[in-house]
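Take a look at the letters that make up each chain.
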Amino acid sequence: MDVKQAVNMAKKELYLFENPTLEAEWLVALSLGKKRAEVHGDYELTKGEERMLIKNIKKRAEGCPLEYVVGTANFYGYELKVNKNVLIPRPETEQLAEEVISEAKVAHKILDIGTGSGAIAIAVKKQTNAEVVAVDVSGKALRVAKHNAKLHNADIKFIKSNLFSKLAGQQFDIIVSNPPYVTNAEYAHLDRTVKDYEPKLALYGGGDGLDFYRKIILDAPKHLKNGGKIFFEIGYSQASEVKKLLKNHFKDIVIKKDLEGQDRMVIAAKGD
Ligand code: SAM
Ligand code: GLN
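Keep in mind that this is a model prediction, so the values were computed, not measured.

Asks: For this particular structure, what's the right way to read the overall build of the chain?
Replies: On a plain count of helices and strands, the chain comes out with twelve helices and nine strands. The principal-axis extent of the C-alpha atoms belonging to the chain is close to 70 × 40 × 30 Å. Counting only residues that meet the buried cut, the chain has 49% of its 272 residues in that class. Entry remark: accessible area of the chain is about 13900 Å², with carbon and sulfur atoms responsible for 50%.

Asks: Would you explain the layout of surface pockets in this entry?
Replies: A water-sized probe rolled over the atoms picks out the places where empty space is left. Here the second largest pocket defines a volume of roughly 300 Å³. Around the second largest pocket, the lining residues are Trp-26, Ala-29, Leu-30, Gly-33, Lys-34, Lys-35, Arg-36, Val-70, Thr-72 and Glu-79. At three residues, helix α2 (residues 20-31) tops the list of elements feeding residues into the lining of the second largest pocket. Residues belonging to the lining of the second largest pocket are distributed by class as follows: four nonpolar, two polar and four charged.

Asks: Looking at this model, I keep getting lost on the site of ligand 1. Mind explaining?
Replies: Close to ligand 1 lie 19 residues; Gly-114, Asp-136, Asn-162, Leu-163 and Asn-178 are nearest. Within the backbone of Thr-115, one N or O atom sits 3.3 Å away from a nitrogen atom of ligand 1. Asn-178 is positioned with one of its side-chain polar atoms (N or O) 2.9 Å from an oxygen atom of ligand 1. Across the complex, the protein chains shield 96% of the 600 Å² of accessible surface that ligand 1 would expose by itself. Grouping the amino acids of the shell around ligand 1 by side-chain chemistry returns ten nonpolar, eight polar and one charged.

Asks: How should the environment of Ala-220 be read in this particular structure?
Replies: Of note, Ala-220 is situated in helix α11 (residues 211-223). Separated by 69 residues in the primary sequence, Ala-220 and Leu-151 place their C-alpha atoms 30 Å from one another. Ala-220 has contacts with Phe-164, Ile-175, Ile-230 and Phe-250, leaving out every residue within four places of it along the chain.

Asks: Explain the pairing of strand β3 (residues 109-113) here, please?
Replies: Each regular strand shows side chains that alternate between the opposite faces of the sheet. For β3, the buried fraction is high: five of the five residues fall into the buried class. Covered by surrounding structure in β3 are Lys-109, Leu-111 and Ile-113 together with Ile-110 and Asp-112, the residues of both alternating faces. Of the strand pairs in this sheet, β3 and strand β4 (residues 131-136) are connected by five bridges, and their pairing is parallel. Counterpart to Leu-111 in the pairing with β4 is Val-133. A crossover links β3 with its parallel partner β4, the connecting element being helix α6 (residues 119-127), and its sense is right-handed. One ladder, built from four bridges, connects β3 with strand β6 (residues 172-177); its direction is parallel. Along β6, the bridge assignment pairs Leu-111 with Ile-175.

Asks: Is there a simple way to think about the pairing of β4 in this case?
Replies: In terms of residue burial, β4 counts as a mostly covered element, since five of its six residues are buried. Pairing of β4 with strand β5 (residues 156-160), which is carried by five bridges, proceeds in the parallel orientation. Pairing of Ala-134 across the sheet is with Phe-158, part of β5. Note that the unit made of β4, helix α7 (residues 139-151) and β5 has a crossover that is right-handed.

Asks: Explain α11 here, please?
Replies: The terminal C-alpha atoms of α11, which comprises 13 residues, lie 19 Å apart, in line with the 18 Å expected from a rise of 1.5 Å per residue. The sharpest bend along α11 comes to roughly 30 degrees, located at Ile-217, with the proline Pro-221 sitting one to four residues further on. The set of residues buried in α11 consists of Tyr-213, Ile-216, Ile-217, Ala-220, Pro-221 and His-223. Looking at the buried residues of α11, the elements they touch are β3, β6, β7 (224-233), α12 (239-246), β8 (250-257) and β9 (263-270).

Asks: Explain the site of ligand 2 here, please?
Replies: Every residue close to ligand 2 is listed here: Arg-90, Asn-178, Pro-179, Pro-180, Tyr-181, Val-182, Ala-202 and Leu-203. A distance of 3.2 Å is found between an oxygen atom of ligand 2 and a side-chain nitrogen or oxygen belonging to Arg-90. Here an oxygen atom of ligand 2 and a backbone polar atom of Tyr-181 are 2.9 Å apart. Considered on its own, ligand 2 offers 300 Å² of accessible surface; in the complex 86% of this is hidden by protein.

Calculation criteria
In this numbering scheme, every chain counts its residues from 1 along its sequence in written order. In the order they appear in the text, chains get letters beginning with A and ligands get numbers beginning with 1. Side-chain atom pairs in this predicted model are given and counted only at pLDDT of 80 or more, local residue features only at pLDDT of at least 70, and totals for whole chains, interfaces and linings cover all residues. Processing note: side-chain calculations cover all non-hydrogen atoms of the structure and skip hydrogens and water entirely. Starting at the N terminus, helices and strands are each numbered in turn, a helix being any DSSP run of H or I of at least four residues and a strand any DSSP run of E of at least two. For the exposure calls, accessible area comes from a 1.4 Å probe over protein chains only, and a residue counts as buried if that area is under 20% of its type's maximum, exposed if over 50%, partly exposed in between. What sets the accessible areas is the Shrake-Rupley method with a 1.4 Å probe; for residues, cover comes only from the shown protein chains. Detection works on a 1 Å grid of protein atoms alone, calling trapped sets that fit a 1.4 Å probe cavities and calling open sets with protein on both sides within 12 Å along at least five of seven lines pockets, with lining residues defined by an atom within 4 Å of a point. Grid points are joined across faces, edges and corners, and a volume is the space filled by probe spheres set on the points. Three residue categories are used. Nonpolar comprises Ala, Val, Leu, Ile, Met, Phe, Trp, Tyr, Cys and Pro, charged comprises Asp, Glu, Lys and Arg, and polar comprises the others, including Gly. By convention in this text, a residue qualifies as near a molecule or strand provided that one of its non-hydrogen atoms is within 4 Å of it. Side-chain atoms alone can form a polar contact between residues adjacent in sequence; in general such a contact is a pair of N or O atoms within 3.5 Å, and within protein one must be able to donate a hydrogen while the other accepts it. By definition in these notes, contact holds between two residues if any of their heavy atoms fall within 4.5 Å. Paired strands, as defined in this entry, are two strands with at least two bridges between them according to DSSP. The path from the first strand over the helix to the second decides the hand: if it runs clockwise while the strands point away from the viewer, the crossover is right-handed. The span you would expect from a helix comes to 1.5 Å times its residue count less one. Think of it this way: the bend at a residue is just the angle between two axes, each fitted to seven residues, one set ending at that residue and the other starting at it.

Dropping the structure here:
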């Protein structure tokens, strides 16, 4: 089988997906250990490459996210390794990173809570001069994040920590977090391609999805310098609840929408 035939075979198997040609080309390239642009139509696949291709097509056809099959995802222009231990970084989270980057032009020390693949921490470190600390409770996620930071030559301090547990005495100019925020009810109805593949630890935010906001907001003031700010990603229906949680100890609370017009971020400054 040559590359052209392989792409056609993959296309047929993936006809239900939005962009079968693109996906087929990705999977063929992956099976050859090459980038898409490096693959030529008349190359004959070895038996091993054919087997690998069939395995990858099967995974994808069963619903595994393309990023997990390929093993990479793009975030803010950076190619990141991803596997089942980390959430695939979402496009709306790039907006959160963008907000932090604009603010970080004047900030010096930034904490990313629940760094997962390292997406936010890496984008912020590469785009600013800030000192970046990133924590996650999952050692397996941190392995991926460290790999990604090295790949992009981003000097980030990674700490295995349950929220602030290993950060006693440390203060930051900015705390950013895209915590797990999916509610019980939402979790039960999540798309299979998310629920069956992405880590529950990265998604599930307790009964009402707000557990992590409660805990982070409680401890954040003592880990923020005066004038410091907190940046959260939130679920589309959580803005008013998160605002309520912030009110006692934070001021200048701003809600921002994602590109689809849904409430997606909350930014607030430490109160006096
Ligand atoms: N920051 C990444 C992003 O935006 O793509 C990943 C966000 S994911 C929604 C949430 C992350 O929080 C996961 O990596 C998960 O392992 C981590 N996490 C869950 N519970 C935690 C805890 N108690 N302390 C620290 N991190 C936690
Ligand atoms: N946006 C994710 C989803 O698509 C949820 C991410 C999170 O819980 N922080 O389900």
